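So the chains spell out like this:
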Amino acid sequence: MSQALISFEHISKQFPGVRALDDVSFEVQAGQVHVLMGENGAGKSTLMKILAGVYQPDSGIIRLAGQPISLHDPLSAAAQDIAMIYQELTVLDNLDVGRNIMLGQEPSRGGLVNWKALYMQAQAIVDELELGLDVRTPLSRLSLAERQMVEIARAVRRQPRIIVMDEPTSSLGKHEEEVLFALIGRLKARGAAILYISHRMDEVFRLADTITVLRDGAHITTEPAAHFTRERLIELMVGRKVEAVERQARPRGAVVLEARELVSGRLLRGVTLQLAAGEVLGVAGLAGSGQTELARVLFGVRQPQSGSLWLDGRQVRFRSPQEAIAHGVAYVPEDRKSLGLVLMMGVQANMSLAALTRYQRHGLIDFARLRQLVADWTQRLNIKASVQQESVELLSGGNQQKVVLAKWLALQPRVLILNEPTRGIDVGAKAEVHQLIREIAAGGMAVLMISSELPEVLSVSDRIIVMRQGRISGELLAHEADETRVLALAFADLQEAG
Amino acid sequence: MMSVLSRWRRPLLMPLAPTSGVLLGVLALFVFFSLATPFFFNVNNFINIGQQSAVLAVAAFAMTFIILSGEIDLSMGAVGAIAGVLTAMALRDGLHLPLAVLIGLGTGAMAGLLNGFISMRFGVPSFIVTLGVASIARAISRTITQNRPVSVLDETYLSLFSDARLLGLTINVWYVGLLFVLLYVLLMRTPFGMAVFAVGGNRQAAHLSGIPAARVKVIVFVLAGALVGFAGILQAARLGSARVDPINNLELDAIAAVVLGGTSFSGGRGSLVRTLLGILLIGILNNGLSLMNVDSYWQLVIKGGIVIGAVLLDRWWVTASRSRQPVQDKEKRA
Ligand SMILES: Nc1ncnc2c1ncn2[C@@H]1O[C@H](COP(=O)(O)OP(=O)(O)OP(=O)(O)O)[C@@H](O)[C@H]1O
Ligand SMILES: [Mg+2]
């Protein structure tokens, strides 16, 4: 085999209270997709941030084509043609698409930014990625998936030799995913090395040429993808076998939440549904078909223009999330960074945010009970956090997501609305979360679960509704649902449109 | 077994540790003034420093809440002044003392309500709203006083808010102490305090967690306004008259004290304990420079320089000592 493009040699990295990387060595070849696998907190993002110059290793070196290089900041990494798509988006909400894509590389004429050239170049990239976006749209108006694509566009703009993608698909829809995979194919053909992190098995096996497994900061193995089966991969990551969710059909309880002809702008055009105690109702559909808007209306974030909401057979109106929570409705939003967490606050504070008034005695917070609650959920969801990590922004992505889940589960709501509940959560933990969702439903909670991951919807739901252009295009029972049927409904043209 | 900490459950003094830069600044100034002027190092002067810093301290507490919640208040000097003026006029016109004091506090609270309500209801940045309210407050106090200070003769008032002493310390220092304890508990031990941090840290996430973000901010403004009203009452008592013009540099000194204490200007991160250090630094500085008879314009220049210097020192200290790094911060190789 020819000389490796990147060699990681004995890389170690210690954070206060956490050994993130422990003597990691392996090589990455040019023209390959090299996938990094590992549980939440295994050290994948940390290693990639070292490659991108964000962190310095405590010991060890990185060689590029045999030459030791020093990457003391992101700029020096960029100078080596290394680009990174971060797990937590780094695009700027206050700028438009074009300026985000060209950030730091604005074409200039006579010292001034050449706006025309800037937007033309940005447009070219947007077109190549089939984003269908106007380069002058402010980022704040885009969906999470669209922002993720802008992040990707920005990274590939410079035609990098090495490109790191940290869970790029965790917020993408089917179509964007295909665009991304095609892009990866072109990058590969050009001889670039793609370092790819994902918790989704399907895409890992589809894309990977080589797979490296990390566990608790240590390098476990690096082998050609063909050497792995799904089971072996999981076992290597987790260090034990993972059981699939078992599900028995259960009788449906009484209807708890009912929506009648909900309409909100162009996103929600008349949705009627019933949600019963003890069931998991999965919501599938292409990204942007109105799922998130439905959740926001049900949770009182958005007021519907028409239609009504019924709780236990009585009509209700939630004018704010506060009112929805007071009625026992909880909502795990799709974007933990901007909607789910207060990043600079600690695990305990974030977990208790929705229950502030429940944990008080004589007007003061009852910290003893709160600590107990946090300890329980930390253990139950196996959240990796250390005492020194004073703010959740220092947790790994998957562990952050678990904190958001814990915050709402701890409330023990009657109706739980989940929007991409396992985004960024590793396979082992994902199975556990699925199990947990089944359990709490069995305990009588009514669960509405929106997910762009079909296998997730199929394996956890009792009933599945498929959304298409703001309407429900069909409903399936768990035993009659499969990927083809769901996709057929997701793509089906609605004839009875008004 | 894993234990998870949050910023709410740390011993009272622990937040001081990372502020060692500012602590260092305080010590350095202390040594410097002790050597530079014979009048600095004695108990009476220390009592003076406390007395002179009381008004600033109350305003800085208020500013800590405001900045933590992600807002700013530039009306403190003007609101403090008008609160003092109205209290003094009430006393002059023979109102009962408690009533007069209530008027002062109420004036501050009303101004705070105005600040908070306008900026939340109409989405105008508090930076702008509070500037406007400052200007209005100033105009009103000029008009009602015909631009002349209102002297305060009420003995009880003077003694109750300035002259009385307890264990050697002037009474206003005791008020500062009492307020500190109350506000500390409010901020660190109640759901409201937690909401203040959350709203300043990520307003959307707070909203989606069922925290009425706008209402929390309005309450913070009202609370801060009442505190500033109290600062105005203390100031009028200390000077024996209520001045018409905004209390000198009040909001800027308060902001400096808060930021010196390491509270993040973008909200959500900070501590009341550390604001106390910032107050101490500015208090010592004001006192020492006056004792040395430094020209008041130069005082401002020096103060500005030292505030910036102390913040830089603090940064350096935090980085140099094994650090807790903020997000996306590239690490230093010490
Ligand atoms: N800046 C930091 N300060 C302190 N600890 C950190 C920091 N960054 C990461 N960690 C810790 O290092 C460990 C590895 O984190 P990393 O982000 O690399 O995990 P990951 O493999 O990417 O996980 P995930 O799949 O959840 O994204 C985690 O325990 C995390 O909490
Ligand atoms: Mg990660």
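Residues numbered from 1 in each chain as written. Chains lettered and ligands numbered in written order. Predicted model: local features only at pLDDT ≥ 70, side-chain atom pairs only at ≥ 80, totals over all residues. Heavy atoms only, no water.

**Student:** Explanation requested: the overall build of chain B in the structure shown.
**Tutor:** Tallying secondary structure elements over chain B gives 13 helices and 4 strands in all. Counting only residues that meet the buried cut, chain B has 53% of its 334 residues in that class. Pairs at least 24 residues apart make up 77% of the contacts formed inside chain B by residues separated by at least 6 positions. Within the structure as shown, chain B displays about 15000 Å² of accessible surface, and the carbon and sulfur contribution to it stands at 67%. (Helix = DSSP H or I, 4+ residues; strand = E, 2+ residues; numbered from the N terminus. Buried < 20%, exposed > 50% of the residue type's maximum accessible area, 1.4 Å probe, protein only. Contact = heavy atoms within 4.5 Å. Areas by Shrake-Rupley, 256 points an atom, 1.4 Å probe, with all protein chains shown as cover.)

**Student:** Sorry if this is basic, but what is going on with the coordination of the magnesium ion (ligand 2) here?
**Tutor:** Residue and element names in this part refer to chain A. Those protein atoms acting as donors to the magnesium ion (ligand 2) are Ser 45 (OG) and Gln 87 (OE1), and they sit at 2.0 to 2.1 Å. Taken together, the positions of Ser 45 in helix H1 (residues 44-51) and Gln 87 in the loop between strand E6 (82-85) and helix H3 (97-101) put the pair 42 residues apart, joining distant regions of the chain. Residue Ser 45 is classed as buried on the basis of its relative accessible area, which comes to 17%. (Donors = N, O, S within 2.8 Å, 3.2 Å for Na, K, Ca; no water.)

**Student:** Mind showing me how you'd approach helix H14 (residues 397-409) of chain A here?
**Tutor:** Helical geometry note: an α-helix holds 3.6 residues per turn, so side chains three or four residues apart project in the same direction. Here H14(A) contains 13 residues, and its C-alpha end-to-end distance of 19 Å stays within 8% of the 18 Å for a straight helix at 1.5 Å per residue. Most of H14(A) sits inside the fold, with 13 of its 13 residues counted as buried. (Expected span 1.5 Å × (residues − 1).)

**Student:** How should I be thinking about the packing of aromatic side chains in this particular structure?
**Tutor:** Overall, the coordinates contain 19 aromatic pairs over all chains when judged by the stated rule. Between Phe299(A) and Tyr331(A), the aromatic rings sit 5.5 Å apart at their centres with planes inclined by 50 degrees, giving tilted as the arrangement. Taken together, the residues Phe299(A) in the loop between helix H9 (291-298) and strand E16 (306-311) and Tyr331(A) in strand E18 (residues 329-332) connect sequence positions 32 residues apart. For the residue pair Phe299(A) and Tyr331(A), the accessibility class agrees, reading buried in each case. Ring geometry for Phe40(B) versus Phe46(B): centroids 6.1 Å apart, planes at 70 degrees, classification edge-to-face. Classification of Phe40(B) as buried rests on a relative accessible area of 0%. Here the aromatic cluster, defined as three or more aromatic residues joined through ring pairs, consists of Phe30(B), Phe32(B), Phe33(B), Phe40(B), Phe41(B) and Phe46(B). Seen from the ring of Trp310(A), Arg260(A) lies directly overhead, with NZ or CZ sitting 4.1 Å from the centre. (Phe/Tyr/Trp six-rings, centres within 6.5 Å; stacked < 30°, edge-to-face > 60°. Lys NZ or Arg CZ within 6 Å of the ring centre and 35° of its normal.)

**Student:** Even after reading the chapter, I still don't get the sheet that holds E18(A), so can you show me in this structure?
**Tutor:** Adjacent strands of a sheet form backbone hydrogen bonds with each other and so pair up, either parallel or antiparallel. All names here are of chain A. The strand order across the open sheet formed by 6 strands is E18-E21-E22-E15-E23-E24, and the pairing between neighbours is mixed. The sheet terminates laterally at E18 and strand E24 (471-477), the two strands that pair on one side only. Recorded for the sheet is a direction-independent mean angle of 20 degrees between the axes of neighbouring strands. (Pairing = 2+ DSSP bridges. Axes fitted to C-alpha atoms, helices over the stretch in contact; angles between N-to-C directions.)

**Student:** Explanation requested: the sheet that holds strand E17 (residues 314-316) of chain A in the structure shown.
**Tutor:** All names here are of chain A. As summarised here, the arrangement of the 4 strands in space is E14-E13-E16-E17, forming an open sheet in which the pairing is antiparallel. For this open sheet the edge positions go to strand E14 (268-276) and E17, each flanked by a neighbour on one side alone. Looking at each pair of strands side by side, their axes are set apart by 20 degrees on average, direction ignored. Bridge analysis of E16 against E17 gives 3 bridges, and the strand direction is antiparallel. For Leu 311, the partnering residue across the bridge sits in E17 and is Arg 314. Across the sheet, H9 touches strand E13 (255-264), E14 and E16, and the angle it forms with E13 is around 115 degrees.

**Student:** Explain the nonpolar core to me, please; I cannot follow it from the model alone.
**Tutor:** Side chains of nonpolar character tend, in soluble globular proteins, to be buried together. Ranked by size, the top nonpolar core spans 172 residues in total, and within it Trp408(A) and Tyr157(B) carry the most contacts. For this core, the element with the most residues is helix H2 (residues 43-68) of chain B, which contributes 15 residues. Among all residues touching Trp408(A), those that are not within four sequence positions of it are Phe299(A), Ile325(A), Ala330(A), Tyr331(A), Val332(A), Pro333(A), Ala354(A), Pro413(A), Leu416(A), Leu208(B) and Ser209(B). Counting 55 residues, the second largest nonpolar core, distinct from the first, contains Val135(A), Leu183(A), Ile194(A) and Phe228(A). (Core = buried A, V, L, I, M, F, W, Y, C linked by side-chain atoms within 4.5 Å.)

**Student:** Sorry if this is basic, but what is going on with the pairing of E13(A) here?
**Tutor:** Along any regular strand the residues' side chains alternate between the sheet's two faces. Residue and element names in this part refer to chain A. Where E13 lies against E14, 7 bridges are found, and the strand directions are antiparallel. Considered in E14, the bridge of Val 255 is made with Ala 276. Between the end of E13 and the start of E14, which pair antiparallel, lie 3 residues, with Gly 265 showing a positive phi angle near 55 degrees.

**Student:** Help me out: how do you make sense of the packing of H2(B) against helix H11 (residues 250-260) of chain B in this one?
**Tutor:** Helix packing geometry: the angle between the two helix axes and the distance between the axes. Residues and elements named next belong to chain B. For the pair H2 and H11, interaxial distance at closest approach is 8 Å and the crossing angle is 65 degrees. Classified by the angle between their axes, H2 and H11 sit roughly perpendicular to one another. The hand of the H2/H11 crossing is right-handed. Of the residues in H11, those touching H2 at Val 55, Leu 56, Ala 59, Ala 60, Met 63, Thr 64 and Ile 67 are Leu 250, Glu 251, Asp 253, Ala 254, Ile 255, Ala 257 and Val 258. (Parallel < 35°, antiparallel > 145°, perpendicular 65-115°, else oblique. Left-handed = near helix turned anticlockwise from the far one by under 90°.)

**Student:** For this particular structure, what's the right way to read the environment of Leu51(A)?
**Tutor:** With respect to the helices, strands and loops of the structure, Leu51(A) is situated in helix H1. With sequence-adjacent residues up to four places away left out, Leu51(A) is seen in contact with Ile6(A), Phe8(A), Ile62(A), Leu71(A), Ala77(A), Ile82(A), Ile162(A), Val164(A) and Leu195(A).

**Student:** Even after reading the chapter, I still don't get the environment of Ile67(B), so can you show me in this structure?
**Tutor:** Its place among the elements puts Ile67(B) in helix H2. When its relative accessible area of 0% is taken as the criterion, Ile67(B) is described as buried.

**Student:** In this structure, what is going on with the packing of helix H7 (residues 171-189) of chain B against helix H12 (residues 272-291) of chain B? I would like to understand it.
**Tutor:** All names here are of chain B. Between H7 and H12, the least distance of the axes is 10 Å, while the angle of their chain directions is 145 degrees. Touching Phe 180, Leu 183, Tyr 184 and Leu 187 of H7 are Leu 272, Val 273 and Leu 276, all from H12. Of the residues in the contact of H7 with H12, the class split is 7 nonpolar, no polar and no charged. (Nonpolar A, V, L, I, M, F, W, Y, C, P; charged D, E, K, R; others polar.)

**Student:** Before we go on, may I ask you to explain the confidence of the model for chain B in this structure?
**Tutor:** Low-pLDDT portions of the prediction should not be read for the details of their coordinates. All names here are of chain B. Here chain B shows a mean pLDDT of 86. Residues at 70 or above account for 88%. Across residues 1-16, confidence stays below pLDDT 50; counting only partners more than four residues off in sequence or on other chains, it has 40 contacts. Per-residue pLDDT stays below 50 along residues 321-334; that stretch engages in 27 contacts with residues further than four places along the chain or on separate chains. With a pTM of 0.85, the predicted complex shows an ipTM of 0.82. (pLDDT = per-residue confidence, 0-100.)

**Student:** In this structure, what is going on with the site of ligand 1? I would like to understand it.
**Tutor:** The environment of ligand 1 is formed by 22 residues, the closest being Gly41(A), Ser45(A), Thr46(A), Ser396(A) and Gly398(A). Bordering ligand 1 are residues originating from chains A and B. One of the side-chain N or O atoms of Lys44(A) is found 2.8 Å from an oxygen atom in ligand 1. Burial of ligand 1 by the protein amounts to 95% of the accessible area it has alone, namely 640 Å². (Near = heavy atom within 4 Å. Polar contact = N/O pair within 3.5 Å; in protein donor to acceptor, adjacent residues only side chain to side chain.)

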